[in-house]
Structures are given as structure tokens and as C-alpha cells.
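# Commentary on secondary and tertiary structure
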Amino acid sequence: MPAAPDRPLRVGLVLGAGGLLGGAWLAGSLATLAEETGWDPASADLIVGTSAGSMIGALLASGVPPWFMAAHSGGANFPGLVDANGRPTDQADRSAGGILRPTGWPRPVPGSFALGRASLRRPRGQRLAAALSAWVPRGVMSSAPLKDTVRTVVPSGWADRPLWVVAIDYATGRRVCFGRPDAPPADLADAVSASCAVPGLYRPQVINGRVYVDGGAWSISNLDTVTRERFDLVICLNPMSSRPEELVKAGKGRLTGALRRSAGRRLGWEARRVRESGAEVVLLQALAEDLEHMRGNVMSTARRHAVLEQARQSMRRQLDDTPLREILARLPRAPEHRLRQPPGDPATWPAGALPPGTRVLV
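Since we're looking at a predicted model, the values are computed, not measured.

This part is about the packing of helix H2 (residues 52–61) against helix H7 (residues 188–196). It is the contact of H2 with H7, at a shortest axis distance of 7 Å, that shows an interaxial angle of 155°. By the angle class used here, H2 and H7 are roughly antiparallel. Two secondary-structure elements touch here, H2 through Ala52, Ser54, Met55 and Ala58 and H7 through Leu188, Val192, Ser195 and Cys196. Its residues placed into classes, the contact of H2 with H7 shows six nonpolar, two polar and no charged.

The structure is reproduced here in C-alpha cells:
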């Protein structure tokens, strides 16, 4: 590793897009990564999240332990716990806000005339997915459930840990990393809403008079955002791409396979850029077994738990197939309550075992 012996490794964590099922895959993968290695993903020097990855990254950077995310999503109950807004955590949405709640009827007009015109004038200056998103009617699904989920841990302001949330400006197609010094100021809930605003599905998010949509329209992974950050190690979890051999093993069809191969090629190009900066890059992607549960609609609530549980098993396999376990062993081990659920009543758990603002009613 390039780090000097007298200084700790600088680690970046990048979480890709993937809808509701991608978020479940990320939650299960991160929980197992922590359990198996003793490294708390929240301790990364920077977390970058896109779409579903922005939601999981926001919760992680705000102090929610990975095991809590996975347990809550999996249906675990914690009687007596209330969130920062005073609501019982057992009544909170299990899908991290991934509820499709329409607010009206779509209008049959392009979502962004400005971006559409710009893509026609300078087609080579736009990412293809971003240019195409301009011609899709604006979505009508409300982002309120997404914002509510973020506000259970961060009622206003930004996360405690360094966090970038990726979206695109719907007028220019420009990529924006909220949380980076050069980005417009934004509340965390609004930034996550912008990053998750899939064109044609969710309503775009307005921040300081500008309109933003899903950062996945630029890149599913956005791994290359960390190229200039001088990390020693970058870990990227990308649920929407798979290695070619995994696609063959899963027997994926022409369309699904093509989409994942395209995302994988982009991820590979971004990884090469980051490696050229001197960092070691470890890519963790969906395996064939994951794809068996992630088929079709990525917003399916019915398959969320199956995807999460399979991701746990797949992560163990990937840790055995990569040098990540040995690399992370060089870092200080996190407290046990950050790695797995403490025993006993939540009232007896140590500080840091619960999401910020959560308290136990007595």
C-alpha cells in the first residue's frame, strides 16, 4: 500500500445507485463487511453516494451503525426506541423511504427543455443518460418519504462525517457533489432527494432555485469523483454492475445483461482513473446469486429482504476473493457495538450503538 508507515491509511468509500433493491444490497453488504473485518464503514475519510447509495451513505455518515440499517430493513423490532423526531423506530419505513407515492399526473412534455437543447447543440458534451433524461416527462412520485427517513437522524443541516451526495443539474447536465466545498449549500435531506430523483419517476428536487435529478444519470457509480482526493484505498460497492463471468453464470438476458455490462465498463474506466492517482481500488459488485433476487423491478418491496440476506452471503465470498480483509486488518478495529447488535436491552447499550437522536423510553 502507498501509505507511509508513520501515518494511517486514507480510505474512501463509494456507494453506487440501485433503487430500493440496490439499497437493500448495500445495507446487507456493509453490515457484513463490518462484522467480518472489524472496520466500521462510517470511519472512512470520505463517503460518496449516488441515488440509493446516497441514502445509505447519508445514514452511515450520520452515525447509523450498518448492523442497525440491516436489522431494521430486515424487520427487527426495538421496543421503546424512538427516533430524533420522537416516533417509535419500529414504525419507521423499512425501505429507507423507498415508497412510491404519486402527487399527480405526468405531463406529456420533456422534463428539461434547457438540457434537451444543450444536448442537441453539444451532444458530445453530455453524458448519454443525462441527455436522454431531458426528454422524459418529469416524474410525479413524492420524495417526502426519502426526506423523512434522512430527517429521522439529521433533522436539518449536514452529516457529521465527510459525505458527498451526487446529483445532476437538470438544466445543464453538470454533475454536482453536494457536501464538496465547491457545491451549492443544501440540507442533507434535500441533497439525498435530488440524488434519488430518477427522471420520469420522482419529482425533481429544487435547491437554491436550481433543479436537480438522480446522479445515476451521470454515472451509476461516480467512483471517479475521488480521483484527486489522494486516498490510499478506495472501496466501491456498486449493486448495478456485475463482472462478465457473473452475468454468464446468472444467465442474464440481452437487456439486463447489456445494462449491467455498460455500468461495469464505466466502473472499470473510473477505477483505472482512481488507480492512476496512486490509490488501491477494491470493487464489490453484485454476484450471480444476488442477481437471482434483483431481477426486474429494482423498486420491488417484495424482494427487499431476500436481496439483503443474499448480499450478506455474497459479501463473505467477495471478502475471500479480494485482499480487502487483509488491508482493513491494518486499521484500528471498531468498537463491537459499531460492528454488531449489542446483547441485552437497548437501555444498556453503549453510546454510539444507536442512531443519532434515538433514545430509549423508560
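Along the chain, glutamine 318 falls in helix H11 (residues 304–321). What makes glutamine 318 buried here is its relative accessible area of 4%. Sequence-distant contacts of glutamine 318, defined by excluding residues within four places in its chain, comprise Trp25, Arg243, Leu283, Leu284, Gln285 and Leu287.

Here we come to unusual backbone geometry. Comment: phi is negative for the bulk of residues other than glycine, and the bulk of peptide bonds are trans. Phi at serine 51 takes a positive value of approximately 55°, unusual for a residue other than glycine. Secondary-structure assignment places serine 51 in the loop between strand S2 (46–50) and H2. Even without being a glycine, arginine 230 presents a positive backbone phi close to 60°. Looking at where arginine 230 falls in the secondary structure, it is placed in the loop between strand S7 (210–214) and strand S8 (233–238).

Moving on, we get to the pairing of strand S4 (residues 163–169). Most of S4 sits inside the fold, with seven of its seven residues counted as buried. Pairing between S2 and S4: four bridges, direction parallel. Within S4, the residue paired with isoleucine 47 across the bridge is leucine 163. Count of turn residues in the S4/strand S5 (residues 175–178) antiparallel hairpin: five residues, of which glycine 173 carries a positive phi of about 80°.

We now examine the side chain of threonine 358. Tracing the backbone through its elements, the reader meets threonine 358 in the loop between helix H13 (336–339) and strand S10 (359–360). Apart from the residues within four sequence positions on either side, threonine 358 is in contact with Leu81, Val82, Asp83, Ala84 and Thr89.

Our focus in this paragraph is the pattern of salt bridges. Overall, the coordinates contain 22 salt bridges when judged by the stated rule. For the salt bridge of aspartate 224 with arginine 175, the shortest nitrogen-to-oxygen distance reads 3.1 Å. In this pair, aspartate 224 sits in the loop between S7 and S8 while arginine 175 sits in strand S5, placing the two residues 49 residues apart along the sequence. In this structure, aspartate 224 and arginine 175 share a single accessibility class: buried. A salt bridge links glutamate 336 to arginine 333, with the nearest nitrogen and oxygen atoms 3.0 Å apart. Here the salt bridges share partners, and the residues they tie into one network are Arg243, Glu245, Glu246, Lys249, Glu289, Arg317 and Asp321.

Mapped onto the elements, isoleucine 207 comes out in strand S6 (residues 205–207). A relative accessible area of 5% places isoleucine 207 in the buried class. Sequence separation of isoleucine 207 and glycine 38 is 169 residues, and the distance between their C-alpha atoms is 38 Å.

Cut-offs used in this document
Residues numbered from 1 in each chain as written. Predicted model: local features only at pLDDT ≥ 70, side-chain atom pairs only at ≥ 80, totals over all residues. Heavy atoms only, no water. Axes fitted to C-alpha atoms, helices over the stretch in contact; angles between N-to-C directions. Helix = DSSP H or I, 4+ residues; strand = E, 2+ residues; numbered from the N terminus. Parallel < 35°, antiparallel > 145°, perpendicular 65-115°, else oblique. Contact = heavy atoms within 4.5 Å. Nonpolar A, V, L, I, M, F, W, Y, C, P; charged D, E, K, R; others polar. Buried < 20%, exposed > 50% of the residue type's maximum accessible area, 1.4 Å probe, protein only. Pairing = 2+ DSSP bridges. Salt bridge = Lys/Arg side-chain N within 4 Å of Asp/Glu carboxyl O.

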